[in-house]
Amino acid sequence: MAAVNFELKEYQEASLGAFRDYLKQADLHGGETAFVLQTKLPFYQAPYVADGTPYVCLRVPTGGGKTIMGAHAVGIAAKEFLHVANPMVLWLVPSTPILEQTVAALKNQDHPYRVALAKDFGRNISVLTKSEALAMSRADAEGGACIIVSTIQAFRIEETEGRKVYEDAGSLMDHFSGLSEDQVARLDKVPDTHRPVSSLANLLKLHRPMVIVDEAHNARSALSFDTLARFDPSLILELTATPNTDHVPAKDKHASNILHSVSAAELKAEQMIKLPIRLTTDRDWRKTVGAALDSRNQLEEAAKAEQSETGEYIRPIVLFQAQSKSKNDPHRITVEALEKYLLEDKRLPEDQVAVVTGNKTEIDGVDLKDPDCSIRYIITVAKLKEGWDCPFAYVLCSVAEQTSKTAIEQILGRILRMPQARLKRRDALNRAYAYVASQSFDDAAQRLRDGLIEGAGFSAKEAEELISKQASLPYDKVADETDHESDAIEDEAVTAESIEEIFDKLPSSVKARVSFNPETKTVAYKGQMTREGRNLLQLATAKIPQFEKVIDRLYAKSNNFQTSAAADETKPPFIVPRLGFRKQGKLELFGKEHFLDLPWRLDECDPKAIVERFKVIDESQSGEIDVTDKGKVEIHFVRRLQGELGAVIQEPEWTMPRLANWLDMGIQHPDVTKPAAILFITGTIDALIASGIELDVLARNKYDLRKVLAGLINDLRKERENGNYQALFSSDAESFSTSSDMAMIFDEEAVPHKPYVGTTKFNKHYTNLIGDMKAEGEEFECAVHLDRHEKVQYWIRNVDRQKNSFWLQLPDKKFYPDFVVMLKDGRILIVEYKGEVYKTNDDSKIKMQIGDVWAEASDGMCLFCMPTARDFSIIDRIIS
C-alpha cells in the first residue's frame, strides 16, 4: 500500500513555522529569551525543570490536527535545536484510548503521522509503548528517532505501575555500558555504588528526551512537572486547545507559554470543523432530548439528499451527556435513566443506541463510519472528552448544567470535526447543534462563549457570532403581527406542494407563523422570528440548498438587525489585476522565474568567504559557565544539552565526502542541484582546512559549521536575486503588463489568523472579518481613513501569506500590501502604510518600485501609494 500524501493546512504550517523560528532563536539565546523575542510576552519557567529548558505551547482548537503537527515537530526540533539524527521523544497523551490510537497510527507506515516522521528520519524510526520501552534494545534507542508513547500517570513514581520505570532492569543494562564519567555523573545510582540504575528513567535521562504533551491541560500540576523533571528533558512542547493562562504557582497553577494560537475561524476556512454551533435550551430535559432527536432526523434527511448528489455517506449521530450518579440526588438523569427514556418512551431501536461509561463501552471495535453500522445515539457522562473523533457526531444533547469552560469546549469539540474535511452542499450539514437543559438560554450561551474563547482559541468576536445572544428588539408589540417576506427562491424544484409538506412537519408554534407564496416563491413569517424558529426552518428545509441563506436574511429582517457591507449580496466581485511579464510573446504572472535562471550554479561562487565567517570556539567543557547576579552558577543550557546528546553516540571516523554530504543534507537549497551544492561545500571545507582547521575539528563542530554555511549560501543567493531583479527593470521595463486573464478575486469566505476585535465599526470592509489588524496604531488609523473616504466603495485588509491575498514579487519574497481598495469609479488602489522609521529604508524603496510598475502597467486602472507617518493626504491626492 502506498504512503498517504498528507498536505499540511496553512494554519498548521504557520504553527510549525513559529516553532521552527523559536528553536532557531533558542539555539542562540536560550528558551526564555527566544520566547520573549518572538512573542513579546513573559516566559514562565516550567516548575522543577532545569532553567533554560525551552517550554512552549501550540494552541490548536479541537479538530485541528494536533497529532500530525507533533509528528512534524520532532524533525524540526532534531534539526534546529537538538542537533541530532536520533532524538528520543517522550510523547505523553491523556488517556488509554488516545494512547492506543496514537501508537497504532505512528506504527502504521502508511499513516500520515508516520509519513511525517519518515520525511526527516526515513526508516530509522522506533515507536514504543512504555511496556515495550522497558525492554528496548540499544539499536532502538540510538538508531534513529525513538518515540515512546505513554500517559503521564504511567511514569509517576507514586503509582505502582509507574515504579517499574525507575527500577533496575536487566534488559536495559546494555544501554549503560561504555559511558563516560560525565554521563554517569548525571544518572541515578544503585544505593551505595557508583553503578547507574539500569532503568527506563535513567535511559531517558541519558538521552535528554524531547517531551510532547498532547492535551496539555491535563498535565498542569506540580506533580506532573516533577515527573517530567526526573527525565531531564531537552525541551517541552505542549499541544492543546485549552492551555492554562493563569500563573499562580502558590495555588499550583502554572501557565503555558503560548507560542502560536490557531483560531477556530482558520479551521473553518480549511473546512476542518463544523461551525457555527446552533444552541437551543429548555428547562425541561425531556423537551431538550425531543428537540435533539428531531434535529437528528432532519439532518439524516439532508444527509441522504447529499449522498444522492455527491456519493458521500453521512449518518448523523447524537451524543447525549447524562448526569453522574449521586446518592444524595435520586432524581438525577443518569445514563440508565436516559437510556430507559430513549428506548421505552421514545421507542428508539435498541441497536441504534450505545452506552459508553467507565465500565460499559458498547462502541469498542465498532467503526461508526461504516454504512452497515446502525448506531445513531451515544449516551455517556464524561467519555465525550479526549479520544472521541467521529465526524458523524453532529448533535450534542446535555441534560446536565455545564460549568467548567474547559469541559464545555472539550465536549463541544466532539461534534465539531467535519466529515472528510470538506464542505457539504447543504449548509445544515456544515454546522453543529447543541441542545442543553438549562434554566436560561443567555446563561448557557454565555458559558459556551466563555468556553470557546478561553478554551478553544476563539476570538470574542467569533464566539459572539457563533453562539449569539437573543437580541432585545426595538419593536412595539404591534410588530408581532407584521408579515415579513423573504427574497424569492430561484429553484425550479421548489413547489407549493413540496414546501407545504415540509412546513406540515414543523412544530405548531412555528407552523402558525410561516407561509409560502407559490406565485412569488417567497416565504412569509409573521412577527419576530426567534433563533429556535430559524433553526427549525433551516433544518426542515436542509434538502434545499438555497433555503439556508433565504431563512437567514428573513431572520435578520424580522428582527430589524443591521447588516454591514459584508452582508450586501448585491456587491460586485472584488477583482484585482495582477502584474504580468511578457516572455517570448506570452504574458505570464510575474515571479522569480522571470529574473532567476534555475538551477543556480552555486559551484561557480567563491567558497573562500567561509574562512572569515566560521570560527571555532574553544570550550573546555560542553558549555560555558556564567554567574548570575543571584550568585547562582548556571551551565549554559543549550550548549550543555547538545554536548550531552552528542556524547551518547560514538560516531565513525569522518571523511571529507561524508562531512560534505552531511552538511548538504541539512541545508535546504531547492534552487541548487545536489552536485553543484556538494562542489561548493567541498570548496568551503578545503578553504577552512587550508586556513589551519583540521577535518576532525570541523566534524566536531559540524552543527555550527552548517549554520554558518547556510548563512553564507543565503547571502550569496540574495546578492544574485537583487542584482538580477534590478537588471530586469533596467532592460525589460516595457515587458510588464496587467490582464484580466491574470486577475484575482478576493474570497468572501477567507479567514484571517487573528481577526480584528476592536470596538470601531467599519462599514466598507468587503468581508465580515478584518484580518491581522490591531485596534489602535497607525495602520488602524489608515484603515479608518479608507473606510470614511467618500470615493471608496469597499476595502479589504490584505493578510500576509494567505492563499487568497494579493501579492507582488520582490527579489527574495512576495510583497503583500496592507490594504486593497475598490473605488466607486471602478479603479483599484493599493495602499502600503509605513511608519516614519521605515519610509526610506531599502525594503520600502523596492516595494514602492514594484508598486509603481504595477500601477503604470494597468493603463490607469490601478493606483499605488505608500503613506508614511500618518500623512494620509497622499491617498486623497493619488485618487484625485
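Some points on the overall build of the chain
And then number 1: Within the chain, the secondary structure is distributed over 29 helices and 27 strands.
And then number 2: A burial count over the chain gives 54% of its 880 residues as buried.
And then number 3: In the chain, the share of contacts with a sequence separation of at least 24, taken over all contacts with a separation of at least 6, comes to 72%.
And then number 4: Working note: accessible area of the chain is about 40400 Å², and carbon and sulfur atoms make up 48% of it.

As for helix α24 (residues 674–690)
And then number 1: When the terminal C-alpha atoms of α24 are compared, their 24 Å separation across 17 residues agrees well with the 24 Å that a helix rising 1.5 Å per residue should span.
And then number 2: Along α24, the residues classified as buried are A676, A677, F680, I681, G683, T684, I685, A687 and L688.
And then number 3: Check the buried side of α24 and you find it contacts α21 (610–613), α23 (656–665), α25 (695–700) and α26 (702–731).
And then number 4: Where α24 ends, the next residue or the one after it, G692, has phi of about 115°, a positive value.

So, the pairing of strand β2 (residues 88–93)
For a regular strand, side chains alternate in direction, first toward one face of the sheet and then toward the other.
And then number 1: The element β2 is extensively covered by neighbouring structure, given that 6 of its 6 residues are classed as buried.
And then number 2: A two-sided burial pattern is seen for β2, the buried positions comprising M88, L90 and L92 on one face and V89, W91 and V93 on the other.
And then number 3: Looking at chain direction, β2 and strand β4 (residues 145–151) are connected through 6 bridges and run parallel. Bridge pairing links M88 to C146 in β4.
And then number 4: Of the pairings in the sheet, the one linking β2 to strand β5 (residues 210–214) comprises 4 bridges and is parallel in character. By the bridge assignment, V89 is partnered in β5 with M210.

Some thoughts on the sheet that holds strand β17 (residues 575–583)
And then number 1: Taking strand neighbours across the sheet as the criterion, the 3 strands line up as β18-β17-β21 in an open arrangement whose pairing is antiparallel. In this open sheet, the two strands that pair with only one neighbour each are β18 (586–589) and β21 (736–745). Recorded for the sheet is a direction-independent mean angle of 45° between the axes of neighbouring strands.
And then number 2: In this sheet, β21 lies alongside β17 in antiparallel orientation, the contact comprising 6 bridges. In the sheet register, L579 faces β21, and the bridge partner there is T738.
And then number 3: Across the sheet, helix α28 (residues 842–856) is in contact with β17 and β21; its angle to β17 comes to roughly 95°.

Observations regarding the pattern of salt bridges
And then number 1: Throughout the structure, instances matching the rule amount to 36 salt bridges.
And then number 2: Across the salt bridge formed by R195 and D168, the nearest N and O atoms sit 2.5 Å from each other. In this pair, R195 sits in the loop between α8 (181–185) and α9 (200–207) while D168 sits in the loop between β4 and α8, placing the two residues 27 residues apart along the sequence.
And then number 3: Residue R195 is classed as partly exposed on the basis of its relative accessible area, which comes to 36%.
And then number 4: Overall, D168 belongs to the partly exposed group, its relative accessible area being 43%.
And then number 5: One salt bridge connects R870 with E781, and the closest N-O pair in it is separated by 2.7 Å. In this pair, R870 sits in the loop between β27 (862–865) and α29 (873–879) while E781 sits in helix α27 (residues 778–787), placing the two residues 89 residues apart along the sequence.

Structural notes on the nonpolar core
Looking at soluble globular proteins, one finds that nonpolar side chains tend to be buried together.
And then number 1: F19, M136, L200 and M210 are the most contacted members of the largest nonpolar core, which totals 145 residues.
And then number 2: It is helix α3 (residues 66–82) that provides the largest number of residues to this core, a total of 10 residues.
And then number 3: When residues no more than four places from it in sequence are discounted, the contact partners of L200 are K130, A133, L134, M136, I148, F155, V165 and L172.
And then number 4: With 33 residues, the next largest nonpolar core counts L728, I830, A855 and M866 among its residues.

Here's the deal with the packing of aromatic side chains
And then number 1: In this structure the tally under the stated criterion is 28 aromatic pairs.
And then number 2: One aromatic cluster is present, formed by F581, F590, F595, Y725, F729 and F736 through successive ring pairs.
And then number 3: Here the guanidinium or amino end of R797 rests over the ring plane of F819, the centre of that ring lying 5.3 Å away.

Here's the deal with the sheet that holds β2
And then number 1: One open sheet accounts for 7 strands, arranged β3-β4-β2-β5-β6-β1-β7; its pairing is parallel. Across the chains shown, the open sheet's two edge strands, defined by having one partner strand only, are β3 (125–129) and β7 (258–261). Looking at each pair of strands side by side, their axes are set apart by 20° on average, direction ignored.
And then number 2: Bridge count between strand β1 (residues 55–59) and strand β6 (residues 235–240): 5 bridges; the pairing is parallel. Bridge pairing in β6 links V56 to L237.
And then number 3: Along the sheet, helix α4 (residues 96–107) makes contact with β2, β3, β4 and β5, crossing β4 at roughly 160°.

Notes on the side chain of S256
And then number 1: With respect to the helices and strands, S256 occurs in the loop between β6 and β7.
And then number 2: A polar atom in the side chain of S256 sits 2.6 Å from the side chain of E238.

Remarks on the pairing of β18
And then number 1: Here 4 bridges tie β17 to β18, and the two strands are oriented antiparallel to one another. When the sheet's bridge partners are listed, K583 is paired in β18 with K586.

Observations concerning the packing of α4 against helix α5 (residues 112–121)
And then number 1: The geometry of α4 relative to α5 is characterised by a closest axis approach of 6 Å and an angle of 55° between their N-to-C directions. Comparing the axis directions of α4 and α5 gives the class oblique. Between α4 and α5 the crossing geometry is right-handed. Judged by residue contacts, A105, L106 and K107 of α4 engage Y113, R114 and L117 from α5.
And then number 2: In terms of residue class, the contact of α4 with α5 is made up of 4 nonpolar, no polar and 2 charged.

A short note on the environment of R827
And then number 1: Secondary-structure assignment places R827 in the loop between β25 (819–823) and β26 (828–831).
And then number 2: Using a relative accessible area of 17% as the deciding quantity, one classes R827 as buried.
And then number 3: Residues R827 and I879, spaced 52 residues apart in sequence, show a C-alpha to C-alpha distance of 9.1 Å.
And then number 4: In this structure R827 touches V821, M822, G860, M861, L863, I878 and I879, once residues within four positions along its chain are discounted.
And then number 5: From its side chain, R827 meets the backbone oxygen of I879 in a polar contact 2.8 Å long.

Rules used in this analysis
Residues numbered from 1 in each chain as written. Predicted model: local features only at pLDDT ≥ 70, side-chain atom pairs only at ≥ 80, totals over all residues. Heavy atoms only, no water. Helix = DSSP H or I, 4+ residues; strand = E, 2+ residues; numbered from the N terminus. Buried < 20%, exposed > 50% of the residue type's maximum accessible area, 1.4 Å probe, protein only. Contact = heavy atoms within 4.5 Å. Areas by Shrake-Rupley, 256 points an atom, 1.4 Å probe, with all protein chains shown as cover. Expected span 1.5 Å × (residues − 1). Pairing = 2+ DSSP bridges. Axes fitted to C-alpha atoms, helices over the stretch in contact; angles between N-to-C directions. Salt bridge = Lys/Arg side-chain N within 4 Å of Asp/Glu carboxyl O. Core = buried A, V, L, I, M, F, W, Y, C linked by side-chain atoms within 4.5 Å. Phe/Tyr/Trp six-rings, centres within 6.5 Å; stacked < 30°, edge-to-face > 60°. Lys NZ or Arg CZ within 6 Å of the ring centre and 35° of its normal. Polar contact = N/O pair within 3.5 Å; in protein donor to acceptor, adjacent residues only side chain to side chain. Parallel < 35°, antiparallel > 145°, perpendicular 65-115°, else oblique. Left-handed = near helix turned anticlockwise from the far one by under 90°. Nonpolar A, V, L, I, M, F, W, Y, C, P; charged D, E, K, R; others polar.

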